[in-house]
Amino acid sequence: MKHIAFLGLGIMGRGMAHNLLQSGHTLTVYNRTSARAEELAHEGAQVAASPRAAAENADVIISMVADDHAARAVWLGEEGALAGAQPGAVCIDSSTLSPACMRELAQHAAARGCAFLDAPVTGSKAQAENGELIFFVGGDADAIERARPVLMAMGKTIHHLGANGSGAMMKLINNLIGGVEQLVLVEGIALAEASGMDTAQVASVLTQTTVSPILFQRKLPQLLARNYNAAFSLRLMHKDMTYALAEGLDHHVPLPTVAAAREIMHIGLAQGLGEQDVMVLREVLQPAK
Ligand code: NAP
């Protein structure tokens, strides 16, 4: 049994923290907006006033926050988790961050005498709640073995991709494909509706063809119902596409389809739709009458 500090109780973090408690680990949680920690407090978690306070005495420290900026805010500085971490702790960032930010955090962790794993996840709100996440991990095999029982309380598979940063790169590759797929799904349904097809029937047929990834099955009910309660916000998908494009530039790999998709997502952000699910792109392409 481990004592775990968990930082970031958003859509994903809440489910992950819940599963850690369910598996018998003791938990101290921190969230920037403290009201969001109440639900976990009722389940038995301690609530800390800063990432630093949360990290004190923790065997494992996990962050699940929005982006590079948020990750630096919870890990670094006087009130950051690393300032409170005990040497020997395993630090894990499961957010989708840039590989460079993950490597930077790993260096700071090493200076503190801690191991660091970049361990972003695939799966969304439901998979976080059901402990069915898949982890893409970069870092030392040793640290992964120490973290394995904790990761397996939140997920079902661990892929070790290599050194720090490689888990983050795997995640960006996964999401640049997933982002384009979701946009093209919206385009297909928009055309189906405009041409007078029965969109429910089109959706049903689509899920039986070879073009349909599991993602389509998960997203189609929301898309057909124009229900945009966020499982994964447009803002965060736009962020992932932006990080992927930066990697394309760095590595001299053109990513024209990703660039076009990111710009369409940008229009959605400019229209104030960022906090809604990625499927809200339908309102960008085909506003409801
Ligand atoms: P979310 O619901 O928007 O939650 C974001 C979390 O980050 C909140 O706890 C938020 O705190 C915190 N945060 C944001 N800016 C911060 C800052 N400057 N300082 C401190 N904390 C800050 O996001 P999510 O959907 O749970 O996603 C979390 C991460 O997982 C993201 O990197 C996302 O790309 C990735 N991811 C998401 C999904 C998905 O389907 N949702 C799937 C896989 C991976 P407040 O409560 O104070 O705002």
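Everything here concerns the structure above.
Read on for a plain summary of the structure. Since this is a predicted model, take the numbers as computed values, not measurements.

**Describing helix H13 (residues 256-270)**
Turning to step 1, where the next piece is worked out: With 15 residues, H13 extends 21 Å from end C-alpha to end C-alpha; this agrees with the ideal 21 Å at 1.5 Å per step.
Turning to step 2, where the next piece is worked out: Listed as buried for H13 are Val-258, Ala-261, Arg-262, Met-265 and Gly-268. For H13, the angular spread of buried residues about the axis comes to 105°, placing them on one side. Opposite the packed face of H13, turned more than 90 degrees from it, sit the exposed residues Pro-256 and Ala-270.
Turning to step 3, where the next piece is worked out: Residues of H13 that are buried sit in contact with helix H9 (166-194), helix H12 (234-250) and helix H14 (281-285).
Turning to step 4, where the next piece is worked out: Just downstream of H13 lies Gly-272, where phi reads positive at about 80°.

**Regarding the nonpolar core**
Turning to step 1, where the next piece is worked out: Counting residues in hydrophobic clusters, the biggest one holds 34 residues, and the most contacted among them are Phe-6, Leu-20, Leu-27, Ile-62, Ile-92 and Met-154.
Turning to step 2, where the next piece is worked out: Those elements that provide at least two residues to this core are strand S1 (3-7), helix H1 (11-22), strand S2 (26-30), strand S4 (60-63), strand S5 (90-93), strand S6 (115-118), strand S8 (133-138) and helix H8 (141-152).

**Considerations on the side chain of Lys-171**
Turning to step 1, where the next piece is worked out: Along the chain, Lys-171 falls in helix H9.
Turning to step 2, where the next piece is worked out: Although buried, Lys-171 forms no salt bridge, and the nearest oppositely charged side chain, Asp-240, lies 5.3 Å from it.
Turning to step 3, where the next piece is worked out: If we skip the residues at most four places from it in the chain, Lys-171 touches Thr-96, Pro-120, Val-121, Thr-122 and Phe-136.

**Quick word on the site of the ligand**
Turning to step 1, where the next piece is worked out: In the neighbourhood of the ligand, 28 residues make up the surrounding shell, with Asn-31, Thr-33, Arg-36, Ser-124 and Ala-231 lying closest.
Turning to step 2, where the next piece is worked out: In the environment of the ligand, an oxygen atom lies 3.0 Å from a nitrogen or oxygen atom belonging to the backbone of Thr-96.
Turning to step 3, where the next piece is worked out: When the ligand is considered free in solution it has 910 Å² of accessible area, and contact with the protein chains removes 91% of it.
Turning to step 4, where the next piece is worked out: For the shell around the ligand, the elements supplying multiple residues, two or more each, are H1, helix H4 (68-75) and H12.
Turning to step 5, where the next piece is worked out: Looking at side-chain class alone, the shell around the ligand contains 13 nonpolar, 9 polar and 6 charged residues.
Turning to step 6, where the next piece is worked out: When residues are assigned to domains, the shell around the ligand turns out to be shared by domain 1 (3-163) and domain 2 (169-284), each giving three or more.

What counts as what
Residues numbered from 1 in each chain as written. Predicted model: local features only at pLDDT ≥ 70, side-chain atom pairs only at ≥ 80, totals over all residues. Heavy atoms only, no water. Helix = DSSP H or I, 4+ residues; strand = E, 2+ residues; numbered from the N terminus. Expected span 1.5 Å × (residues − 1). Buried < 20%, exposed > 50% of the residue type's maximum accessible area, 1.4 Å probe, protein only. Arc of directions from axis to C-beta. Contact = heavy atoms within 4.5 Å. Core = buried A, V, L, I, M, F, W, Y, C linked by side-chain atoms within 4.5 Å. Lys, Arg positive; Asp, Glu negative; His and termini not counted. Salt bridge = Lys/Arg side-chain N within 4 Å of Asp/Glu carboxyl O. Near = heavy atom within 4 Å. Polar contact = N/O pair within 3.5 Å; in protein donor to acceptor, adjacent residues only side chain to side chain. Areas by Shrake-Rupley, 256 points an atom, 1.4 Å probe, with all protein chains shown as cover. Nonpolar A, V, L, I, M, F, W, Y, C, P; charged D, E, K, R; others polar. Domains from an automatic or database assignment.

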